[in-house]
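# Summary of the model geometry
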Amino acid sequence: MSYFPRLNQVSPLQPLRHPSADAAGVNLWIKRDDQLLLPKDAVFPAFCGNKWRKLRYNLEEAREKQKNHLLTFGGAYSNHIAAVAAAGSLFKFRTTGIIRGEAHEPLNPTLAFAKKSGMRLEYISRSAFRQKDPVALAQSFPDGDTAYILPDGGTNAAAIRGCRELSEEIHDQLGFAPDHLCVSAGTGGTAAGLILGSEPPTQVHVYPALKGDFLRQEIQRWLPESTVPWHLVTDYHFGGYAKWSENLLEHMDRFRRSTGILLDPIYTGKLVFGVLADMERGYFPRGSSVVMVHTGGLQGLAGFRERFS
Ligand SMILES: Cc1ncc(COP(=O)(O)O)c(C=O)c1O
């Protein structure tokens with residue numbers, strides 16, 4: 001991969017001893033995509049996890065099409081905004097982030113990082129955000145800049161191609177196809193890639209970080225008729241996007257103390273809570289192999305602490 005020589009492109013697959021797995025008689029692993037980049041890299045927290053998987057083929061396509069300016073969209077705490085800003089500074093693209101809602105000074109840690117990485121920030125109202133026309137927005141670019149447009153959350157065909165490789169990598173590292181692959185979902189692109197990259201006997205379990213059943217169609221639209229079985233597990237959104245409870249935070253803290261692995265409260269904290277709870281209630285058969293994917297999101301911790309003390 002000549003464009004991106006500095007990146008550690010294979011993340012560890014870590015076997016995990018955990019009392020819930022022991023009690024359920026399940027073999028548990030966690031795929032450490034939070035460690036996808038070398039820790040000494042300054043942009044590590046912003047660019048780890050599923051962000052690199054989702055962006056890498058987009059960045060290649062942008063280069064191939066000779067686009068020099070990445071345009072994207074997101075909320076004020078978006079992991080995707082931080083990742084695109086980091087990608088821009090690492091790989092020398094100009095970047096613009098269209099942010100949902102009003103500007104607030106001082107900038108929160110996500111937007112401060114984006115700005116420091118060179119991203120131009122523009123704010124639009126929530127209703128304008130819903131009706132936005134990316135092509136029209138790109139017309140305000142300086143002369144000579146050519147836009148490569150990334151949707152909010154970064155899910156498109158190139159992103160799904162990158163996430164597909166995640167399943168293949170897990171399969172290669174294990175030496176067999178796991179029985180169960182578990183992943184968090186926002187737009188569902190990461191999950192769609194995992195499903196497409198899997199083969200029998202794997203089943204994919206998708207744990208949405210948002211409320212509602214809409215992800216079923218969102219994921220299905222990327223899939224051909226026949227894939228491995230997949231399931232939407234809608235019991236662990238904790239009230240919706242960026243909603244949380246003391247119980248969730250305590251669970252994340254206990255997990256960190258017993259495994260040394262830091263989770264984020266928006267995505268991976270809810271995933272791990274859900275998978276372990278499901279394990280305890282016997283959802284995964286005794287003797288089966290279960291892999292949870294740590295999709296990163298750790299850049300969001302500073303903003304979460306700031307918002308909720
Ligand atoms: C850390 C983290 N995990 C999981 C997801 C969900 O990814 P997707 O939008 O592809 O479903 C996101 C989305 O932004 C994320 O930031």
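All values reported here derive from a predicted model rather than from experimental measurement.

## Describing the overall build of the protein chain
- A tally of regular secondary structure across the protein chain gives 13 helices and 10 strands.
- In terms of C-alpha radius of gyration, the protein chain reaches 19 Å, essentially the compact-globule figure of 19 Å for 309 residues.
- Principal-axis analysis of the C-alpha atoms places the extent of the protein chain at approximately 60 × 40 × 40 Å.
- Relative to its full complement of 309 residues, the protein chain shows a buried share of 43%.
- Excluding contacts between residues fewer than 6 apart, the proportion of contacts in the protein chain whose partners are at least 24 apart in sequence is 72%.

## Regarding the site of the ligand
- Residues in contact with the ligand amount to 19 residues; listed here are only the nearest, N79, G186, T187, T295 and G297.
- Those elements that place two or more of their residues in the shell around the ligand are helix 4 (79–91), strand 7 (180–185) and helix 9 (189–197).
- Among the elements that make up the shell around the ligand, the one with the highest residue count is helix 9 (three residues).
- Class assignment for the residues of the shell around the ligand results in three nonpolar, 15 polar and one charged.
- Here the shell around the ligand gathers at least three residues from each of two domains, domain 1 (13–41 + 157–308) and domain 2 (51–154).

## Overview of unusual backbone geometry
- Cis geometry is found at the peptide bond from E105 to P106, where omega equals -5 degrees.
- Of note, P106 is situated in the loop between strand 4 (94–100) and helix 5 (109–116).
- The omega angle of the peptide bond from P200 to P201 is 10 degrees, so this bond is cis rather than trans.
- Tracing the sequence through the fold places P201 in the loop between helix 9 and strand 8 (203–208).

## Here's the deal with the sheet that holds strand 1 (residues 13–15)
- Strand order in the open sheet formed by six strands is 1-2-10-7-8-9, and the pairing between neighbours is mixed. Two strands bound the open sheet, and with one partner strand each, they are strand 1 and strand 9 (230–232). Strand-to-strand twist in this sheet, taken as the mean axis angle between neighbours without regard to direction, amounts to 25 degrees.
- The pairing of strand 2 (residues 27–32) with strand 10 (residues 289–294) spans six bridges and is classified as parallel. What sits directly across from W29, in strand 10, is V291.

## Some details on the packing of helix 11 (residues 246–259) against helix 12 (residues 268–280)
- At a minimum axis distance of 10 Å, the contact between helix 11 and helix 12 shows a crossing angle of 85 degrees. As far as their axial angle goes, helix 12 and helix 11 are roughly perpendicular. From helix 11, L248, H251, M252 and F255 reach across to helix 12, where they touch G269, K270, V272 and F273.
- Across the contact of helix 11 with helix 12, the residue classes tally to five nonpolar, two polar and one charged.

## Details of the nonpolar core
- If you look at the biggest cluster of nonpolar residues, it comprises 42 residues, and the most contacted ones within it are C182, V183, A191, V206 and M292.
- Excluding anything up to four places from it in sequence, C182 contacts H205, Y207, L271, V275, V290, V291, M292 and V293.
- Counting 31 residues, the second-largest nonpolar core is a separate cluster that includes F47, L59, F73 and I99.

## Quick notes on the packing of helix 3 (residues 50–64) against helix 8 (residues 157–174)
- Relative to each other, helix 3 and helix 8 sit at 130 degrees, their axes nearing to 7 Å. Put simply, helix 3 runs oblique to helix 8. The handedness of the crossing between helix 3 and helix 8 is right-handed. Contacts between helix 3 and helix 8 involve N50, R53, K54, R56, Y57, N58 and E61 on the former and, on the latter, A158, A159, R161, G162, C163, E165 and L166.

## Thoughts on the sheet that holds strand 4
- Taken in spatial order, the four strands line up as 5-4-3-6 in an open sheet, and their pairing is parallel. Strand pairing shows two members of the sheet lacking a second neighbour, strand 5 (120–124) and strand 6 (147–149), which therefore form its edges. Geometrically, the sheet is characterised by an average inter-axis angle of 25 degrees between neighbouring strands, direction not taken into account.
- Direction of pairing for strand 3 (residues 69–74) relative to strand 6: parallel, over a ladder of three bridges. Bridging across to strand 6, L71 finds its partner in I149.
- Relative to the sheet, helix 4 contacts strand 3 and strand 4, its axis offset from that of strand 3 by approximately 170 degrees.

Scoring rules and cut-offs
- Residues numbered from 1 in each chain as written.
- Predicted model: local features only at pLDDT ≥ 70, side-chain atom pairs only at ≥ 80, totals over all residues.
- Helix = DSSP H or I, 4+ residues; strand = E, 2+ residues; numbered from the N terminus.
- Rg over C-alpha atoms; globule rule 2.2 N^0.38 Å.
- Buried ≥ 20, exposed ≤ 12 C-beta atoms within 10 Å, placed from the backbone.
- Contact = placed C-beta atoms within 7 Å.
- Near = placed C-beta within 6 Å.
- Nonpolar A, V, L, I, M, F, W, Y, C, P; charged D, E, K, R; others polar.
- Domains from an automatic or database assignment.
- Pairing = 2+ DSSP bridges.
- Axes fitted to C-alpha atoms, helices over the stretch in contact; angles between N-to-C directions.
- Parallel < 35°, antiparallel > 145°, perpendicular 65-115°, else oblique.
- Core = buried A, V, L, I, M, F, W, Y, C linked by C-beta atoms within 7 Å.
- Left-handed = near helix turned anticlockwise from the far one by under 90°.

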